[in-house]
Amino acid sequence: MTKQSVSQGVAPGITQLVATVGSVIALAGGLRGLLSWWHECRAPACAPTSAGIDTAKDILAGLVAEQWREETVLRSLGDPEPMPLPWRATGRRELVDHPEIIAKGAVAFPGLPMHIRDMASGFRALPCRRLVILGGPGTGKTTLAVQLVLELLRTREPGERVPVLVSAARWDERAHPRMQDWLASFLAMDYPALRADALGPGIPEALAARGELLPVIDGLDELPEHARTDMLRALNRSMCENDQLILTCRTEQFAESVDELGDVLTAAAVIEPQPIDAVAAAGYLAACLPPVPRPAWSEVLESLRTGAAPALAQVTSTSLGLWLVRVTYIATRADPAPLLAYGRGSAAELHDHLCDELIPALVSTRPPANGTAQPFRPQHAWTPEQVDRWLTYLCRELSASEADTRDLAWWHLARYTRNWPVRWWSGIAVGAVACVVYTVLGGTPAVGAASGVLVMLVIVLATGSWFRETPGHVDFHLRRGLFNLVRVLPAGILVGALGAGIGWLTATPFQGPEIGMKAATEVGLLSGIGFVVVQGLIRWVERPATDASARSPRSTWRADRNLTAIRIGSGLAVGVIGAFIAWGFKFNPVASLVGGLVGLLFGLMLGSHHAWLAYNLTVPRLATRGSLPLRAMDFLDDAHRLGLLRTEGPYYQFRHVELQQHLARELAEKKSRHREPVPLS
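So, here's what we can say about the structure. Residue positions within a chain follow its written sequence, with the count starting from 1. Per-residue local features of the predicted model are confined to residues with pLDDT of at least 70, and side-chain atom pairs are confined, for both listing and counting, to 80 or more; whole-chain, interface and lining totals are unaffected and use all residues. Excluding hydrogens and water, the side-chain values take into account all heavy atoms of the structure.

## Comments concerning the overall build of the chain
Here a helix means four or more residues in a row that DSSP labels H or I, a strand means two or more in a row labelled E, and each is numbered from the N terminus. Summing up its helical and strand segments, the chain has 25 helices and eleven strands in all. Out of the 681 residues belonging to the chain, those deemed buried represent 47%. Any two residues whose heavy atoms approach within 4.5 Å at even a single point are treated as in contact. Residue pairs at least 24 apart in sequence account for 78% of intrachain contacts in the chain once pairs closer than 6 positions are excluded. Remark: exposure states derive from per-residue accessible area (1.4 Å probe, protein chains only) relative to the maximum for the residue type, with buried under 20%, exposed over 50%, and partly exposed in between.

In structure tokens, the structure reads:
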């Protein structure tokens, strides 16, 4: 053996040895990392320390104060001082727990210039520190909740709980049966700074579980009736003796929920607003004005104090009326002379005048938010004329409703106009596309035209029920899914047999019996299994978006859209598989394409919830008529942010019934003027 051969033999051996050793080292390193990971997973998690909890509470208090101070500035809640609205314990005994459990003596929060301090002190004096704020529309419930949050934060002592304000619509008591679990999820989502590594693990969960939070739950009335009842039940079930709470709700809805539950909120004081004195109202308006206001303001305020403007005194006796005056005349710096003229007339005329000015005032003083979304500012720019016209249209449709004149649902838009034109134009458009595609890819024009007509008729006939359907949502549940799969097996066998026959008849004349049998087997299996899977899947996951699961209008809109995507995806998947099978048997490419499109159409037509599709077919037609914008959901969301609409479960409602009634009256007057006969000369 030569020296060169020896060296050539040694070199590969050394190389192999080095590679082997390197592999062993790498494997050992990987095993070590895996064992370390396994040890960390099995090791108990470190509990947050007291210092970490205190630091997290201080951070959370600062974040909450910063968040709501911005909203206070935007809504002028404390500029220059809170609205002088007095609050007293409710006189409705059926809404309150035993008096001796709640507090010693009467629960009263007098409307003084600095009454928020007194209210915070009164709340802290309650043994259980639980408070329910009731009132009618526009009585300042949310305003009071925000002011209490800021005052409690401003005067917070070391170790005291941190108030956090959250919308009741965000709590799904089925997903989070205990209030503490929901609060932990809320903190982790809305305040990600609490999940910083420096604070330690599990801070949101620890704050909620240890009772370091004061939840201020706003807008219980915006939930459906049984959802409100379920939330009250969950609150009573999840609170122990030292848990604190502030809750806002309209009086009527709270009474309905208490009656349905058969119980009250345990150990909670319940307060309602009282009328505002004319002198206090004048003082509040004067404080809101600049140091040198328009000369007309002096006469307006003096007339309000002395009773020379009784209509103005009556309107400003509620927080809604006082807010209307401030929004329409002070925030916009308008000439207040009309207030004096209307104030000496009737309260109804003054109220109508303020409602006329409300929409332009809100749109001009609340421009769209830049950057991140803000709860009380719109995200898009609309003109006052557009907002007025679109809200008037919605008001007209609500007034024409025989079932419900309050609840406005986005899927009801499809019922507000005739659907025949939409269905025909949609059918014609899709049919034309099918005809062109078939013809361009090699089919004869006659067959392409026939296919287009067939597709058009299918769409026109099959979409008739879409415009009356309610939204659905996806709900995966294994046991129910297996049951539904079994239910569709007979129909799947029939469809499979039909597919096998079509495969045999299509392949045998051109490629012989052997290929025909193979085609029959594969097409039959694909048809049967595809039908069972798609139909079973749709029946499995598709459920009505009932009020219990519908937390907001936008959530139901997204839920039905997601359900539509699942239907289309499942049908398209089966269609694509069929197209590949057709391609494998060297069928005409058009046949392969048709197989995919048939699957897509099949998935689109299945199910009993097509509200999102009907909405998207209807809104463009409404937009061309000027009844609504093409971005109708964005407009409804912005009207909610402006304070013109409120939500109750999946429905929108006019936040102030007075505004809805005013728009309805204006619409009726316009119609009557158009119907008046023109006098002959």
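## Description of the packing of helix H15 (residues 347–365) against helix H16 (residues 384–400)
The relative placement of two packed helices is expressed as an angle between their axes plus a distance between the axes. Direction vectors running N to C along H15 and H16 enclose 130 degrees, while the axes themselves pass 9 Å from each other. One way to sum up the angle between H15 and H16 is to call them oblique. Both H15 and H16 take part in a crossing whose hand is right-handed. Within the contact between the two elements, H15 uses Ile-359, Pro-360 and Val-363 and H16 uses Pro-384, Val-387, Asp-388 and Leu-391. Residues were grouped as follows: Ala, Val, Leu, Ile, Met, Phe, Trp, Tyr, Cys and Pro as nonpolar; Asp, Glu, Lys and Arg as charged; and all remaining residues, including Gly, as polar. Tallied by class, the residues present in the contact of H15 with H16 amount to six nonpolar, no polar and one charged. Convention adopted: a line fitted to C-alpha atoms gives each axis, helices being fitted over their contacting stretch, and angles between N-to-C directions are expressed from 0 to 180 degrees. Roughly parallel means an angle under 35 degrees; roughly antiparallel, over 145; roughly perpendicular, 65 to 115; everything else is oblique. Helix crossings fall into two classes, left-handed where the near helix is turned counterclockwise from the far one by less than a right angle and right-handed where it is turned clockwise.

## A word on a nonpolar patch on the surface
Judged by side-chain polarity, Trp-420, Trp-424, Trp-425, Ile-428, Val-453, Leu-457 and Leu-461 come together as a nonpolar surface patch covering roughly 770 Å² of accessible area. Contributing elements (two or more residues each) for the nonpolar patch: helix H17 (420–440) and helix H18 (445–462). Checked against the element boundaries, Ile-428 lands in helix H17. Exposure above 30% relative accessible area and no salt bridge define the residues that can form patches, which grow by joining like charges within 9 Å and nonpolar side chains of Val, Leu, Ile, Met, Phe, Trp and Tyr within 5 Å. All accessibility values rest on the Shrake-Rupley procedure with a 1.4 Å probe; residue burial counts only the protein chains present in the view. Just to be clear on terms, a salt bridge is a Lys or Arg side-chain nitrogen sitting within 4 Å of an Asp or Glu carboxyl oxygen.

## A closer look at the pairing of strand S6 (residues 245–248)
Along S6, one buried face is formed by Leu-245 and Leu-247 and the opposite face, lined by Ile-246 and Thr-248, is buried too. Strand direction decides the pairing type here: strand S3 (residues 130–133) and S6, joined by four bridges, are parallel. In the strand pairing of S6, Ile-133 is matched with Thr-248. In this sheet, S6 lies alongside strand S5 (residues 213–218) in parallel orientation, the contact comprising two bridges. Directly across from Ile-217, in S6, lies its bridge partner Leu-247. Pairing between strands is defined by DSSP: at least two bridges between them are needed.

## Observations regarding the pattern of salt bridges
This structure, assessed with the given rule, holds 17 salt bridges. Among the salt bridges present, the one from Arg-124 reaches Glu-160, with a minimum N-O distance of 2.8 Å. Note that Arg-124 is positioned in helix H4 (residues 115–125) and Glu-160 in the loop between helix H5 (141–154) and strand S4 (162–167), a separation of 36 residues in sequence. Judged by its relative accessible area of 14%, Glu-160 is buried. Here the residues in one salt-bridge network are Arg-124, Arg-129 and Glu-160, joined through shared partners.

## Side note on the packing of helix H8 (residues 225–238) against helix H9 (residues 251–261)
It is at 9 Å that the axes of H8 and H9 come closest, and there the two elements cross at 65 degrees. Considering their axes alone, H8 and H9 lie roughly perpendicular with respect to each other. Crossing geometry of H8 relative to H9 is assigned as right-handed. From H8, Glu-225, His-226, Arg-228, Thr-229, Leu-232, Arg-233 and Asn-236 reach across to H9, where they touch Gln-253, Phe-254, Glu-256, Ser-257, Val-258, Glu-260 and Leu-261. Looking at side-chain class alone, the contact of H8 with H9 contains four nonpolar, five polar and five charged residues.

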